[in-house]
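# An overview of the molecular structure
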Amino acid sequence: MRHLLTGTELTPDDLHQVLDRAAALKLAPRSSSLLDGRTVALVFQKPSTRTRVSFEAGIFELGGHPMVLRPGDTQLGRGESLRDTARVLGRHVAAVGVRTHADSELEGLAAEDQLPVFNMLTQNAHPCQVLADLLTLREAFGSLDGLKLTYVGDGNNMARSLYDMGRIAGVEVVLSTPPEFSLPGVESVTDPREAVAGAHAIYTDVWVSMGDEDTADARRAALGPYRIDDALMDAAAPGAIALHCLPAHPGEEITESVLYGDRQRIWDQAENRRHAQKAMLEWLLAE
């Protein structure tokens, strides 16, 4: 049984096949009936816009029913064990996606091996977003070969997944963070202008994520030099694009002129979540 918990479960061949399939499904969105008559459970312990919309629409296009379970909709919030929850879901649905805080919650569901489990976001990983990012890079540059992507900002779950899955895809991923917000175990380039030299894409995420509100002022002060603006874009390779997993806060991690200008593929990323996730579900549920 397959699971997608961090994205590192994918081999290079798997990953490129998923991207190939995503590109094909984007051209013909109703060409697969993988989920005809089947249900996929989507468990949201954290709020979402793009994740919920893209998965619901994508599962419908695959012929299936997306069963959205929010906080309070299940007995998990009242103490039922992950083990028992997994055993029940396994009798009713084809797969389950989880958007939650601790990675251990997702790992606990997967460990029961009752049904395929996929990560819709946890504290340390966001693999479905990176699938969409890689698809967007392929569209923008024709191939992933030889590409350099620089992530600037907070060393968070987005940085981790970009670094891990980018290496599988053959993309050079450079992280640029303040020392106090670096990603554990990964070398970071402190100077963002140095980090983006030769980069084909510059990527960022919000500076204050859910749960970081108590340190918001300190974060904004430390991360100020890592804002994506036109000057930072000019320091990258000619034709470089800006990427952002959204939601964005114009004026903080990215300027309005870049977010809504012609040097970005951010809104393509948001659309590509649907196509990439449909291909991921085909991989996850392959016989």
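Attention here is on the structure that accompanies the text. Bear in mind that the values here come from a model prediction, so they are computed numbers and not experimental data.

This next bit is on the pattern of salt bridges. The tally for this structure, following the rule as stated, stands at 17 salt bridges. We note a salt bridge from arginine 220 to glutamate 252, for which the minimum N-O separation is 2.8 Å. Of the two residues, arginine 220 is situated in helix H8 (residues 216-223) and glutamate 252 in the loop between strand S8 (241-244) and helix H10 (256-259); the sequence distance between them amounts to 32 residues. Since its relative accessible area comes to 35%, arginine 220 is described here as partly exposed. On the accessibility criterion, glutamate 252 (19% relative accessible area) is buried. Two residues, arginine 263 and aspartate 234, come together in a salt bridge whose shortest N-O distance is 2.8 Å. Of this pair, arginine 263 sits in the loop between H10 and helix H11 (266-284) while aspartate 234 sits in helix H9 (residues 230-234); the two residues are 29 residues apart in sequence, bridging distant segments of the chain. Given the relative accessible area of 53%, aspartate 234 is considered exposed. Salt bridges here are not isolated pairs; linked through shared partners, they connect Glu61, Arg274 and Lys278.

Time to look at the packing of helix H5 (residues 127-141) against helix H6 (residues 157-169). Between two packed helices, what matters for the description is the angle formed by their axes and the separation of those axes. Where H5 meets H6, the closest approach of the two axes is 9 Å, and the angle between their N-to-C directions is 50°. On the basis of their axis angle, the class for H5 and H6 is oblique. Note on packing geometry: the crossing formed by H5 with H6 is right-handed. Here H5 contributes Pro127, Gln129, Val130, Leu131, Asp133 and Leu134 to the contact with H6, which in turn contributes Met158, Ser161, Leu162, Met165 and Ala169. Classifying every residue of the contact of H5 with H6 gives eight nonpolar, two polar and one charged.

Rules of the game
Residues numbered from 1 in each chain as written. Predicted model: local features only at pLDDT ≥ 70, side-chain atom pairs only at ≥ 80, totals over all residues. Heavy atoms only, no water. Salt bridge = Lys/Arg side-chain N within 4 Å of Asp/Glu carboxyl O. Helix = DSSP H or I, 4+ residues; strand = E, 2+ residues; numbered from the N terminus. Buried < 20%, exposed > 50% of the residue type's maximum accessible area, 1.4 Å probe, protein only. Axes fitted to C-alpha atoms, helices over the stretch in contact; angles between N-to-C directions. Parallel < 35°, antiparallel > 145°, perpendicular 65-115°, else oblique. Left-handed = near helix turned anticlockwise from the far one by under 90°. Contact = heavy atoms within 4.5 Å. Nonpolar A, V, L, I, M, F, W, Y, C, P; charged D, E, K, R; others polar.

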